[in-house]
Structures are given as structure tokens and as C-alpha cells.
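Structural characterization, general
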Amino acid sequence: MPSPHHSASTDIGMLNEQPLHAALKAYYATNDAAREVDVDGYVVDVVQNDLLVEIQTSNFSSIKSKVISLAQRHPLRLVYPIPREKWLIKLPKKKGGRTKRRKSPKHGRVEEVFKELVSFPDLLCREAFSVEVVFTHEEEVRRHDPTRWRNRGWVTVERRLLDVVDRQLIQRPCDALSLLPETLPEEFTTADMAEAMDGPRYLAQKMAYCLRKMGAITQIGKRGRSNLYITADA
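Residues numbered from 1 in each chain as written. Predicted model: local features only at pLDDT ≥ 70, side-chain atom pairs only at ≥ 80, totals over all residues. Heavy atoms only, no water.

1. Remarks on the packing of aromatic side chains
Here the structure, examined in full by the defined rule, presents five aromatic pairs. The interplanar angle of 75 degrees and the centroid separation of 5.3 Å between the aromatic rings of Y27 and Y28 together place this pair among those described as edge-to-face. Overall, the relative accessible area of 35% leaves Y27 in the partly exposed class. Y28 sits in the buried class, given a relative accessible area of 5%. Ring centres of F60 and Y80 lie 5.3 Å apart, and the angle between their planes is 80 degrees; this geometry places the pair in the edge-to-face category. You can see F60 sitting in the loop between strand 3 (51-55) and helix 3 (64-71) and its partner Y80 sitting in strand 4 (residues 76-90), a full 20 residues away along the chain. The buried category is assigned to Y80, whose relative accessible area is 8%. Here the aromatic residues F60, Y80, F120 and F129 are joined through ring pairs into a cluster of three or more. (Phe/Tyr/Trp six-rings, centres within 6.5 Å; stacked < 30°, edge-to-face > 60°. Buried < 20%, exposed > 50% of the residue type's maximum accessible area, 1.4 Å probe, protein only. Helix = DSSP H or I, 4+ residues; strand = E, 2+ residues; numbered from the N terminus.)

2. Some details on the nonpolar core
In this structure, L117, F129 and L180 are the most contacted members of the largest nonpolar core, which totals 46 residues. Non-local contacts of L180, meaning those with residues more than four positions away in its chain, are made with F188, M193, M207, L211, I217 and T231. Counting residues in each nonpolar core, the second largest holds twelve residues, with A29, V46, L51 and V79 among its members. (Core = buried A, V, L, I, M, F, W, Y, C linked by side-chain atoms within 4.5 Å. Contact = heavy atoms within 4.5 Å.)

Treat this as a map of the structure, not an account of what it does.
Structure follows, in C-alpha cells:
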């Protein structure tokens, strides 16, 4: 097991740590697990015996070199939270105003992990690497910034963990492949995937890209302008 080492960079990182990340780190750091461990020059969130646990709430691309390097030498599990239920908290625009809280109509789904996994999909081919999707109930805090035009100026400032409701482990390409809808035809496009999963086309495209990179599906040609795929075991 890597030995714990506390550094100035660790202190700075913890000061900048978001509530959701801190709460998940506490959730995974049970029993004899160590937090904030220096491993091969990187600070790892949690070490459970020989397993390194890295929590990333978004933007896998920002830790690409870290994850690839650590997975070459150690068992590594990347934890990614997806909110199954979410409550939106809007801070008052003006001093003295009222904070508003409402439940979001959106429900997170496991396929959303592919939006981030596009940064290193073939890493799932390594025995030492795995991804755990943790389904949560969360609060998302937003403040109004009149200089922003997206979302009418509302900007997310933090996410807060309310509860962990489920977890799903993806250890091998076959685990990722099992997320394809069973109703897909033997030959399929991303349009077929999107329809079968009742989701957006862009998400189906990211999913297809990842599955192809990890060798779980194969492109066999075209149907019109769309790539045509089959599963690798078909």
C-alpha cells in the first residue's frame, strides 16, 4: 500500500475542494482507508488497501495523464457521480432577496458516464482500471451572473451530496457493452441507439465512440451518412 504523505499542494487542494467531492471522499474512505495519499507524485483521494480511488465529478480530460499513469502501476477505480434526483437552489439576485429551491425534472442515467469516458475509453481494456458510477441525490447551488448569457445567467457554484442511492461498477468492455439497449437490431447506427435508449443522439454518438475504441463494437460500413455497427461478439 502506498504510504500517506501530506504536502502543501494537498492543503491547497483541500481548501479548494467542492462539497460534493469532499462528501464522496468521506463516503469511500471507510475503515482503514487513507485519504489524500501521495502515489507516484500524484495525490490520490482514497486508498483502500491496494486499490486507488479517484473521485471526479466532471471533466475527465483534466486528469487524463494522472489516470493513465497511475493505472499502469496500480489498481485504480475512477468514481463518477450522476444525480438520479436533483434539487436546484437559486441564490437571491440581490441582497435581502429570497433563496429559491425546486426539484429538477431531470433524472440522471448511467449512459451519461460516456460523456466523460471519451477522454480515455480504451483504458477499460486494462485489468487494473475500472469506473464506478455512483447515483446520488444532490443539491445544485446556482448564483446569477448578469455577464453570462447561458442559462439566463444562472451559474452552478457547487453541488452538495444528500444521499448515495446506488452504485454501478464498469470493469471491462463487456460491462460497458451491456449498457446497450437489448432492443437494438443486430446492425445499428447511433440513431438506432438513441431511439432504443430514449436519449439524445449526441449521447449515443459518444457511447458508440467509446465502445468502438475499447473493441466492444465494430464499424461494418455505412447506412446513408451514418456509421453502421455490430457488437464485437455478433
